[in-house]
Amino acid sequence: MSASSAFSDEKGGSASEPEYGHDPASGGIFSSDYKRHDDLKEMLDSNKDSLKLEAMKRIVAMIARGKNASDLFPAVVKNVACKNIEVKKLVYVYLVRYAEEQQDLALLSISTFQRGLKDPNQLIRASALRVLSSIRVTIIVPIMMLAIKEAASDMSPYVRKTAAHAIPKLHSLDPEQKDQLIEVIEKLLADKTTLVAGSVVMAFEEVCPDRIDLIHKNYRKLCNLLIDVEEWGQVVIINMLTRYARTQFLNPNINESLLEESSDKAFYASDDEEDEDKKAEVATLAKRKPYVMDPDHRLLLRNTKPLLQSRNAAVVMAVAQLYFHLAPKAEVGIIAKALVRLMRSHSEVQYVVLQNVATMTIKRRGMFEPYLKSFYIRSTDPTQIKILKLEVLTNLANETNISTILREFQTYIKSMDKDFVAASIQAIGRCATNIGEVRDTCLNGLVQLLSNRDELVVAESVVVIKKLLQMQPEQHSDIIKHMAKLIDNIQVPMARASILWLIGEYCEHVPKIAPDVLRKMAKTFNNEEDIVKLQIINLAAKLYLTNSKQTKLLTQYVLNLAKYDQNYDIRDRARFIRQLIVPTDKSGALNKYAKKLFLALKPAPILESPFKDRDHFQLGSLSHLLNAKAGGYQELPDWPESAPDPSVRNVEVKDSIPEWSKCTSRKDRKEKKVEKPFYSDSEGESGPTESADSESDTGSGSESASASDESGSGSESEESGEETESEEEEEDEEKEKKRKKRLDKTKAKKPAEESAESEQSSGTEDRKRGRKAVKNQKSASESESESESSESEDESEEEESEEESESDTDIRKKKTPVSKQPPKQSKKESKKETQEMSLLDLDDFEPAPASAPVTPVNFLSSSLVSDLEGLSLTDTILAPTTIAPSGLIKMYELLHRITGEGLAVEYCFSRQPFSPEPNMVAVQIQFTNNTNSETKNLHIEEPRMQSGMRIREFAEIDMLAAGESVTVVMGIDFCDSTQAANFQLCTHTRKFFVSIQPPVGELMTPAFLTENDFKKEQGKLMGMNEISEKLTLGEKCVNEHVIVERVTATANLSRVPCGSDKECRFAGKTVSSGCLVLVTVTTKEGGAAQLTVNCEKMVIGTMLVKDMMQALSQ
Amino acid sequence: MIHSLFLINNAGDLFLEKHWKSVVSRSVCDYFFEAREKAVEPDNVPPVIRTPHHYLINIYREKIFFVSVIQTEVPPLFVIEFLHRVAETFQDYFGECSETTIKDNMVIVYELLEEMLDNGFPLATESNILKELIRPPTILRSMVNTITGSSNVGDTLPTGQLSTIPWRRAGVKYTNNEAYFDVVEEIDAILDKSGTTVFAEIQGVIDACVKLSGMPDLTLSFMNPRLLDDVSFHPCVRYKRWESERVISFIPPDGNFQLMSYHISAQNLVAIPIYVKQNISFFETGPSGRLDITVGPKQTMGKTVECLVVTVHMPKVVLSASLNATQGTYNYDPVTKILVWDIGKLNPQKLPNLKGSLSLQSGAPKPEENPSLNIDLKIQQLAISGLKVNRLDMYGEKYKPFKGVKYVTKAGKFQVRT
């Protein structure tokens, strides 16, 4: 190296310049003669930056073309400290590419990067770390490790991001560093900036994907940050969280999965085993508690949903697979629209999306049915896309849409693309097997295709017809005859073999033709393909067994031909068959059964989708696409039987890790503008280098020690970092202040929101409280001087909180009906107030157009008067006003006035029979117009229901003046399930998606039974239909009266008279199907009690028990 | 993640390779070449190819195959989406993404690839950030560079990377502050033989060209936002505002970008602007066929249909066509078997017609299927869905920007079956 530099000194740069100047970068690359390289060396050694740049450009172009430029390494590497940025960058490119091959020389560059790591400019620190970690030289592993550790606690989020990127690099270089790296990952996972989140999760996935325990504490934070993370990070995080959720939460479809599975399986001919399985499962179901979604599970679903709108197909797919694997069945539907949208994208995207859609359509057909037409095929689609679309169409086919689909298929068959035509014919075959109604139509269509001019079409049809005929051969002997004729013309071996097999199998249906076909085939035997030969032998054997008189000689002849065939399979088969069918002395007992063997009834083939069962791979993954495990694929775990402790995700708020909130980056940027250009090295060389060296020494010493040292060493280095360091600290303080300011602002907003919005889900609640605590410590001093940038910050913050509160109400809506959880009690207070207010409003509005009486009288009281007469408690029941508010009818929020833009909607279950349709649940809805203008045309649109559920809309409200409210009654048939009824509430300007989910207790009406009847009915509903639980009554449940009140508040039941004063009995019927629901509460000594529910519908029973338990133990 | 990238042209020449981890021999591409040969058409190369030690994920764009090498599990769409982003960046930088431009700008391409991925994981894919790091070549700059030897690498700090709004660079300054929006809608439709709509939908995008100084915060609202049922946004758009208020609120990237795309599905009524009467028939006797196509306006909302082109992929047996067009010109390419009839502006008074005979290869059986017609058209000043931008408001800056909205309707995948 020194020699060459001396050389350049002598010559000087200027002399050589014209020589190279005319040579463009691309020109001399192909001639890899050594002279060229000498030139390049010379240029690199010159002291003119332009020459160096020119040389580096040419070298990089060589690398790009895959030419070897490694012999220039010494000349290049010494330019690593060059002041010209572009030269420097290109040197980095070169270094990263060849360092692995020239490890010793590469070490020369290390000190430059070490110096860079100490640079006050965060971008230079980051870039130094990036290049340092990209040099794959094992000797520097300790240096890298140290650098990563230090960078992980850097104050700049960008440097921390780079540290996260460096982790997998180091891991692949030296897997033994794993333990230390995991510590760094753990630390970075706790980072609160969006910039770091994606990168560190990527590192986590590459280094320690199985350490799910590291995620617990960060789960909620990741969920909340997700929307602001850059798109690539989003994909990685979502995929990881999908896996995480599968280990931590319960299957949301646990109750439905049984029903669903059984119906699905009927589609593919159910087996006996499955029935048994089902029974077992039903039994376990009875024991199982009703499902309540973990709020964290809900948080994940809620926070990923908006990402379905991402422009990045990978993000959309990631969310789609998350919903597919994690969401309750009723909610999965929303991904369909987004996936269909992706189909418009590039054909590669289409290809991947269609593969995933194909898998989804098998599990959840209903989801894509509305989008059937989006899968129609255009003649300009590439063949691979066409075939995938065909697959999806076939999966979507059912009784109702089959005629449209078949019509589409008909046009496809005429296509010029023959592979596609063949696939279409197979698709028709599959539709025909799956949907019995159209089997004959399909068969006729396929038979018509037999006269098609194209041989491939005919051949494919033959194969498919063969499969279809196997299902019902008796009716179709004419088709078999027709096919026998075809044997003269069709040359495609597979088709010929299929025809022969058919004739052999059903030779009894075509007794005259079969021997003749064998005769013809015997003639051409030698020229046939192997599969055809085998079928000829089969045909001969079968005919010999059924019609030996005519075919004995022919069979002998065929077997003789086969005996001397070139293929050993065929020779084998011939020998085997001869022994089996031709009786000889030795053949023995088997001979008798030959006919049974050959002409046994064979089960019809099941035409299955190739995508069946592919969903055991995580959707959207490479493994799913290939249907084989790719390296590094993490299995999607099964749902746990019982949920692991959710409290592991609770975060203690006083975090020791310094939080660099968003505004840090902003700040940095501003301050950095004054600084010198990127990559610059302008400061003196001596001081920093030394300190860097000494640093690395101590580093390698302490490196073996555990991470607890790490923070210590970090702070040490900071101290040694002299003045710059203290400056940074100042910065920190400033930032800290800013943050405080911001927090103050949000805090100011919060109380207002809280009162308006009622409660928060417990998790976020905790977090916020924590934040507030932090704020309170620091609140005072700050004045109003806000810079613009932090203002916009506030805005985003505001949005966030808005989102939170909004979705919180959302969650509550879903949660309350299933179970009224005890911790909510305190918050109900505030709600009650609003309730009562609205009740007053109702009274004011007595002459509402709706027919049902508006005052929410306790239905029970009026109807039970007579029944309960004589009981000591009646009069108190009759005076509901004196009872605690739980006896009142609960109002639920359907639309908050903020989301509804001033329109507030609440609903309650009035417990009145819904007169137009007795099997519907009456829902009383109250609209309040809080805006200044009138709202018009309130009505319902687009109900989206689970199958069987129906809705009876209320008459359209023409006008609702400002400030007014109105109450109407609508009927919903919930089919005795607690599935939510989803629909759109429309005004003249807007539509709102709302849903009503009934608590299980509202799905019934009181039934009036005598004591004897009750006992008789109860006797019928024993065993699995009886659920009984022990409980301890709550403090307030002191007497029978309170129990009655609690039970009737929870469920719409009537009391049944009873002799014993230790027992309370209640009876009701489910609204839709009229199944009896019997409830018995037996009180015992010391506040203990036993609750027994008898109901034919076990799901209702279990859910009711749960609700009752809660009501009674309060 | 992404290990290496190879660029391969249509002829099968590998003209660029880039490795982000240790070097993977280019012989791995042999598996790709094998698949490429098997697929016949470049469209039919499977996007994911499995080899014994690697997986190749490729896209085909502008006659270039971008072949990436993967070693472990990664969502395929992640890679595909990234490769497309690479192609778009090239397009953005060099005006077009072709083999020649890539070869001419080899060093910039290499620098770009270096910045876009770190260890195979995307680092900077926003064009605004990249442009700060590496300046796109302009004629003027390349001249200056050759004379003075200065560089393409930006000497300012790529601060965008650090910002919470990475898509916008800081300190933007324009003398003319302007914001233009193009609402472009494409009609995807399949019409059957009789002219009834089998399937139709509208795919819309709003392309923006925003050249505003400072940090403007824009709000775009529509007259009829309810039309937009299925949308996807540029990351700059605030989802929450859209969800609650149905307005698009964003801090725009600098320059050209796609603000949003939307999809109006078949359920809503999609207006079909033209009708096509066609009769294509082939005869068994005598090597000939007949073709007769007439195009007329249907629901054009009073606007003129322009740039009308009818493309027909003829069956292989069609040797030549002797036709007569009342308007525009036609051209039949006997090699690719594509008939293109370029009509131009549609005159509702005098409907354009193309009529004549086709000559078939003698001896060959008559084709089974009639070819389908692909229609291309353009209607200026109309968004066929009826979408209308209401207003654009700007906050955060003092000056008054020029604003403009343009509407165009085009035919997307518009196919008429015969």
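Because the structure is a prediction, the values reported are computed rather than measured.

Draft legend 1. A look at the overall build of chain B. A count of helical and extended segments in chain B gives seven helices and 23 strands. Burial analysis of chain B (418 residues in total) assigns 58% to the buried set. Intrachain contacts of chain B at a sequence separation of at least 6 include 68% that bridge at least 24 residues. By element, 50% of the accessible surface of chain B is carried by carbon and sulfur atoms, the whole surface being about 16800 Å².

Draft legend 2. The interface of chain A and chain B, seen in detail. Counting from both sides, the interface comprises 108 residues of chain A and, opposite them, 111 residues of chain B. Where chain A abuts chain B, roughly 9700 Å² becomes buried across the two surfaces, and 56% of that area is made up of carbon and sulfur atoms. Looking only at chain A, the three residues that lose the most surface to chain B are A:W232, A:R344 and A:R378, adding up to 9% of its buried area. Between chain A and chain B we count 10 salt bridges in total. A salt bridge links B:R85 to A:E231; the shortest N-O distance between them is 2.7 Å. One can count 33 residue pairs in polar contact (both at pLDDT 80 or more) joining chain A with chain B. If you tally residues by element for the side of chain A that touches chain B, the top one is helix α4 (residues 49–64) of chain A, at seven residues. Broken down by class, the residue content of the side of chain A that touches chain B amounts to 42 nonpolar, 30 polar and 36 charged.

Draft legend 3. Focus on unusual backbone geometry. Residues and elements named next belong to chain B. Here the phi dihedral of V40 falls at roughly 65 degrees; this positive angle occurs in a residue that is not glycine. Tracing the backbone through its elements, the reader meets V40 in the loop between α1 (29–39) and β3 (48–50). Its identity is not glycine, yet K63 carries a phi of approximately 65 degrees, on the positive side. Judged by its relative accessible area of 59%, K63 falls in the exposed class.

Draft legend 4. Representation of the side chain of B:K337 within the structure. Residues and elements named next belong to chain B. Its location among the elements puts K337 in the loop between β18 (329–333) and β19 (338–344). In this structure the side chain of K337 is engaged in a polar contact, spanning 3.1 Å, whose partner is the backbone oxygen of K316. Here the side chain of K337 touches P334 through a polar contact of 3.3 Å, landing on its backbone oxygen. In this structure, K337 is in contact with V312, H313, M314, P315, K316, V318, L319 and Y332, ignoring residues within four places of it in sequence.

Draft legend 5. Main features of the pattern of salt bridges. For the coordinates displayed, the defined rule picks out 48 salt bridges over all chains. B:D230 is paired through a salt bridge with A:R341; the nearest N and O atoms lie 2.8 Å apart. Placement of the pair is B:D230 in strand β11 (residues 230–233) and A:R341 in helix α20 (residues 334–342), with the two residues belonging to separate chains. When its relative accessible area of 3% is taken as the criterion, B:D230 is described as buried. A residue is classified by how much of its surface remains accessible, and A:R341, at 8% relative accessible area, is buried. When salt bridges with common partners are traced through the structure, they connect A:K89, A:R130, A:K169, B:E115 and B:D118 into a single cluster.

Draft legend 6. Broad picture of the sheet that holds strand β6 (residues 957–960) of chain A. All names here are of chain A. The four strands lie next to each other as β6-β4-β8-β9, forming an open sheet whose pairing is antiparallel. One side of each edge strand has no neighbouring strand; the edge strands of this open sheet are β6 and β9 (991–996). The mean inter-strand angle of the sheet, taken between neighbouring strand axes irrespective of direction, is 35 degrees. Bridging between strand β4 (residues 935–944) and β6 involves three bridges; their strand directions are antiparallel.

Draft legend 7. Representation of the environment of A:M360 in the model. Residue and element names in this part refer to chain A. Structurally, M360 can be placed in helix α21 (residues 347–363). Judged by its relative accessible area of 0%, M360 is buried. Measuring from C-alpha to C-alpha, the distance between M360 and D615 comes to 7.6 Å, with 255 residues separating the pair along the chain. In contact with M360, not counting residues within four places along its chain, are M317, A320, F324, I335, L339, M367, F368 and L619.

Draft legend 8. Seen up close, the nonpolar core. In this structure, A:F375, B:F66, B:F90 and B:L259 are the most contacted members of the largest nonpolar core, which totals 349 residues. Looking at this core, the element that brings in the most residues is helix α18 (residues 313–326) of chain A, giving 12 residues. Leaving out residues up to four positions away in the same chain, B:L259 has contacts with B:F181, B:I206, B:L220, B:S232, B:F233, B:H234, B:C236, B:V237, B:I248 and B:F250. In terms of nonpolar packing, the next biggest core, distinct from the first, is built from 58 residues, A:L894, A:I957, A:L960 and A:V966 among them.

Procedures and definitions
Residues numbered from 1 in each chain as written. Chains lettered and ligands numbered in written order. Predicted model: local features only at pLDDT ≥ 70, side-chain atom pairs only at ≥ 80, totals over all residues. Heavy atoms only, no water. Helix = DSSP H or I, 4+ residues; strand = E, 2+ residues; numbered from the N terminus. Buried < 20%, exposed > 50% of the residue type's maximum accessible area, 1.4 Å probe, protein only. Contact = heavy atoms within 4.5 Å. Areas by Shrake-Rupley, 256 points an atom, 1.4 Å probe, with all protein chains shown as cover. Buried area = accessible area lost by both parts, 1.4 Å probe. Salt bridge = Lys/Arg side-chain N within 4 Å of Asp/Glu carboxyl O. Polar contact = N/O pair within 3.5 Å; in protein donor to acceptor, adjacent residues only side chain to side chain. Nonpolar A, V, L, I, M, F, W, Y, C, P; charged D, E, K, R; others polar. Pairing = 2+ DSSP bridges. Axes fitted to C-alpha atoms, helices over the stretch in contact; angles between N-to-C directions. Core = buried A, V, L, I, M, F, W, Y, C linked by side-chain atoms within 4.5 Å.

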